[in-house]
Amino acid sequence: DNLDAGATVTLRAADGTAVLVHKEAAKLSPVLADMLSDRGDDEVEIPLSTINSHILFRIAEYCTHHLVEPESKVVAATGKSLMDCGASTWDATFVGVMYANELQDLSVAADFLAMDGLVRLACAQQARNLLSSGFSCKASSIDVEVLTARLNMSVQSLMQRCTPAEGANGN
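These notes cover the structure that comes with them.

The strands making up a sheet associate through backbone hydrogen bonding, with each pair oriented either parallel or antiparallel. If you walk across this open sheet you meet the three strands as β2-β1-β3, and the pairing is mixed. Unpaired on one side and paired on the other, β2 (18-22) and β3 (44-47) mark the two borders of the sheet. Ignoring which end each strand starts from, the neighbouring axes of this sheet average 30 degrees apart. In the sheet, strand β1 (residues 8-12) pairs with β2 via five bridges, with the strands oriented antiparallel. Bridged to L11 within β2 is V19. Along the sheet face, helix α2 (residues 30-39) touches β1 and β3 and points at about 140 degrees away from the line of β3. Helix α3 (residues 53-65) contacts β1 and β2 of the sheet and is inclined by roughly 10 degrees relative to β2.

As structure tokens, then:
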């Protein structure tokens, strides 16, 4: 049974905190799914040295919820609420209580883990926050694609900083 209660993986945050998540839930991330397929059924621990524990716990919560409920299809930050943009009530509440810096960290971590649905959700909430704070935009909406493109540039910069220098491991 793939939903065996004992089938968990330990995700190790940047500060060393262990975050347990069901293996099937972790596979909502294509990156984690690849790592898990490479390791078989043994007890697994995956270090995620670029993700802090607070955000990793949030990602685990998102994955656990979406193991049984389909992910939202967020299309744009238009309308009066995030639910008008295609988010479920749960998803809207999940990101709606986060501060701007948490949303940014969540966006970067979700992008690193190739979790497109969570990236779009977090970016849409960031856009909603901008709109509700009086940010002016010609179309009175912010395209999630624009925020996602900006996020990708931030992630590429982060990944360059985290990539070991040539010869760092004796090669």
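All right, on to the packing of α3 against helix α5 (residues 100-112) then. Running from amino to carboxyl end, α3 crosses α5 at an angle of 65 degrees, the nearest separation of the two axes being 10 Å. Between α3 and α5, the angle falls in the class roughly perpendicular. The interaxial crossing formed by α3 with α5 has right-handed handedness. Across the interface between the two elements, H54, I55 and I59 from α3 touch E102, D105, L106, A109 and A110 from α5. Residues of the contact of α3 with α5, tallied by class, amount to five nonpolar, one polar and two charged.

At a minimum axis separation of 12 Å, α3 and helix α4 (residues 89-96) run at an interaxial angle of 175 degrees. What the angle tells us is that α3 and α4 run roughly antiparallel. Judged by residue contacts, R58, E61, Y62 and H65 of α3 engage W90, D91 and F94 from α4. Per-class residue counts for the contact of α3 with α4 are three nonpolar, one polar and three charged.

Attention now goes to empty space enclosed by the protein. The probe, sized like a water molecule, is rolled over the atoms to show the empty space still left. On inspection of all chains with the given rule, the structure shows one cavity of 30 Å³ or more. Here the largest cavity is characterised by a volume of approximately 30 Å³. Taken together, L11, V21, A26, L32, I59, A60 and C63 form the lining of the largest cavity. The leading source of residues in the lining of the largest cavity is α3, at three residues. Partitioned by chemical class, the residues of the lining of the largest cavity number seven nonpolar, no polar and no charged.

One finds L11, I59, L106 and L118 to be the most contacted residues of the largest nonpolar core, which totals 39 residues. Excluding residues within four positions of it along the chain, L118 makes contact with I59, Y62, E71, F94, L106 and A110.

Another point: the pattern of salt bridges. Applying the stated criterion across every chain yields a total of three salt bridges. Across the pair E45 and R12 runs a salt bridge, and its minimum N-O distance is 2.9 Å. With E45 in strand β3 and R12 in strand β1, this pair connects stretches of sequence that are 33 residues apart. A salt bridge links R58 to E61; the nearest nitrogen and oxygen atoms lie 3.3 Å apart. With a gap of three residues between them, R58 and E61 both fall in helix α3, about one helical turn apart. R58 gets classed as buried once you look at its relative accessible area, which sits at 14%.

Let us look at the pairing of β3. Along any regular strand the residues' side chains alternate between the sheet's two faces. Of the two faces of β3, the one holding V44 and I46 is buried and the one holding E45 and P47 is not buried anywhere. Across four bridges, the pairing between β1 and β3 is parallel. Paired with L11 across the bridge in β3 is I46.

Rules behind the numbers
Residues numbered from 1 in each chain as written. Predicted model: local features only at pLDDT ≥ 70, side-chain atom pairs only at ≥ 80, totals over all residues. Heavy atoms only, no water. Pairing = 2+ DSSP bridges. Helix = DSSP H or I, 4+ residues; strand = E, 2+ residues; numbered from the N terminus. Axes fitted to C-alpha atoms, helices over the stretch in contact; angles between N-to-C directions. Contact = heavy atoms within 4.5 Å. Parallel < 35°, antiparallel > 145°, perpendicular 65-115°, else oblique. Left-handed = near helix turned anticlockwise from the far one by under 90°. Nonpolar A, V, L, I, M, F, W, Y, C, P; charged D, E, K, R; others polar. 1 Å grid on protein atoms, 1.4 Å probe; cavity = no way out; pocket = protein on both sides within 12 Å on 5 of 7 lines; lining within 4 Å. Points joined across faces, edges and corners; volume = space filled by probe spheres on them. Core = buried A, V, L, I, M, F, W, Y, C linked by side-chain atoms within 4.5 Å. Buried < 20%, exposed > 50% of the residue type's maximum accessible area, 1.4 Å probe, protein only. Salt bridge = Lys/Arg side-chain N within 4 Å of Asp/Glu carboxyl O.

Nothing here speaks to function; it is geometry throughout.
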